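A look at the structure
The residues making up each chain are set out below.
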Amino acid sequence: MSIVAGEGTEANARSADHDSHTHTNALRIHHAALDADGRFMKPDELISTEDEPGHQDLCEREQRLFLRAIRAMIDLTEHHQAAINSLSIVFAADESVRSGEVVRL
């Protein structure tokens, strides 16, 4: 799966445009199964994410979840661990690019 920028998105995105940092525009699903001739059996699929929330709405959702977790004493350990795992993957990818070596997690 890949995040795909919409046509002209990158050219029009500005650093101060917070929404350009949070919108995916579309997701491309790549099917890797091959037929007997080595050709892809299914074409890539594009899923539009036009209806995704903007930056401010995402911030408000995060704040509501955090407040609800505090008030209801909801355990966020799983979310915390997922964030740490994601960061570990990013650091490993960065190290691999810099060193040219495979980095095992």
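Here is a short report on the structure shown in this document. Nothing here was measured: the structure is a model prediction, and the numbers come from that model.

Here is what the cut-offs are and how they apply
As a convention, each chain's residues are numbered from 1 in the sequence order in which they are written. Local features in this predicted model are restricted to residues whose pLDDT is 70 or higher, and side-chain atom pairs enter the listing and the counts only when it is 80 or higher, whereas totals over whole chains, interfaces and linings include all residues. Heavy atoms throughout the structure, all of them, feed into the side-chain values; hydrogens and water do not. By the convention used here, strands pair only if DSSP detects at least 2 bridges between them. Runs of E in the DSSP output that reach at least two residues are strands. Runs of H or I that reach at least four are helices, and both are numbered from the N terminus. A fitted line through C-alpha atoms represents every axis, and for helices the fit uses only the stretch in contact; the resulting angles, taken between N-to-C directions, go from 0 to 180 degrees. Buried, partly exposed and exposed residues are distinguished by accessible area as a fraction of the type maximum, computed with a 1.4 Å probe on protein chains only: under 20%, between the cut-offs, and over 50%, respectively. Expected span, for any helix, means 1.5 Å times one less than how many residues it has. Any carboxyl oxygen of Asp or Glu within 4 Å of a side-chain nitrogen of Lys or Arg constitutes a salt bridge here. Polar contact criterion, stated in full: a pair of N or O atoms within 3.5 Å, where within protein one must be able to donate a hydrogen and the other to accept it, and residues adjacent in sequence count only if both atoms are side-chain atoms. Whether two residues are in contact is decided by their heavy atoms, any of which lying within 4.5 Å being enough.

**Concerning the sheet that holds strand β1 (residues 2-4)**
Strand order in the open sheet formed by three strands is β1-β2-β3, and the pairing between neighbours is antiparallel. At either margin of the open sheet sits one strand with a lone partner, and together these are β1 and β3 (45-48). For this sheet the average axis-to-axis angle between neighbouring strands, irrespective of direction, equals 30°. Note that strand β2 (residues 26-29) and β3 share four bridges and pair antiparallel.

**Details of unusual backbone geometry**
Residues other than glycine seldom take positive phi values, yet Met-73 does so here, at roughly 55°. On the basis of relative accessible area, Met-73 is assigned to the exposed category, the value being 73%.

**So, helix α3 (residues 55-72)**
The first and last C-alpha atoms of α3 sit 26 Å apart over 18 residues, in line with the 26 Å expected at 1.5 Å per residue. Once α3 ends, the next one or two residues include Met-73, with phi positive near 55°.

**Here's the deal with the pairing of β2**
Across three bridges, β1 lies against β2 in antiparallel orientation. For Val-4, the partnering residue across the bridge sits in β2 and is Ala-26.

**Things to note about the pattern of salt bridges**
For the structure shown, the criterion picks out five salt bridges. Note that Lys-42 and Glu-45 form a salt bridge whose closest N and O atoms lie 4.0 Å from each other. We classify Lys-42 as partly exposed; its relative accessible area is 44%. Taking the shortest distance from any N to any O, the salt bridge between Asp-57 and Arg-61 comes out at 3.1 Å. Taken as a pair, Asp-57 and Arg-61 lie in helix α3 at a separation of four residues, close to a single helical turn. Shared partners join several salt bridges into a network, and the residues in it are Asp-35, Asp-37 and Arg-39.

**Here's the deal with the side chain of Thr-49**
With respect to the helices, strands and loops of the structure, Thr-49 is situated in the loop between β3 and α3. Judged by its relative accessible area of 11%, Thr-49 is buried. From its side chain, Thr-49 meets the backbone nitrogen of Ala-26 in a polar contact 3.3 Å long. Sequence-distant contacts of Thr-49, defined by excluding residues within four places in its chain, comprise Thr-24, Asn-25, Ala-26 and Leu-27.

**Thoughts on helix α4 (residues 77-99)**
Between the first and last C-alpha of α4 there are 32 Å, a value that for 23 residues agrees with the 33 Å anticipated at 1.5 Å per step. Note on α4: the residue one or two positions beyond its end, Gly-100, has a positive phi of about 75°.

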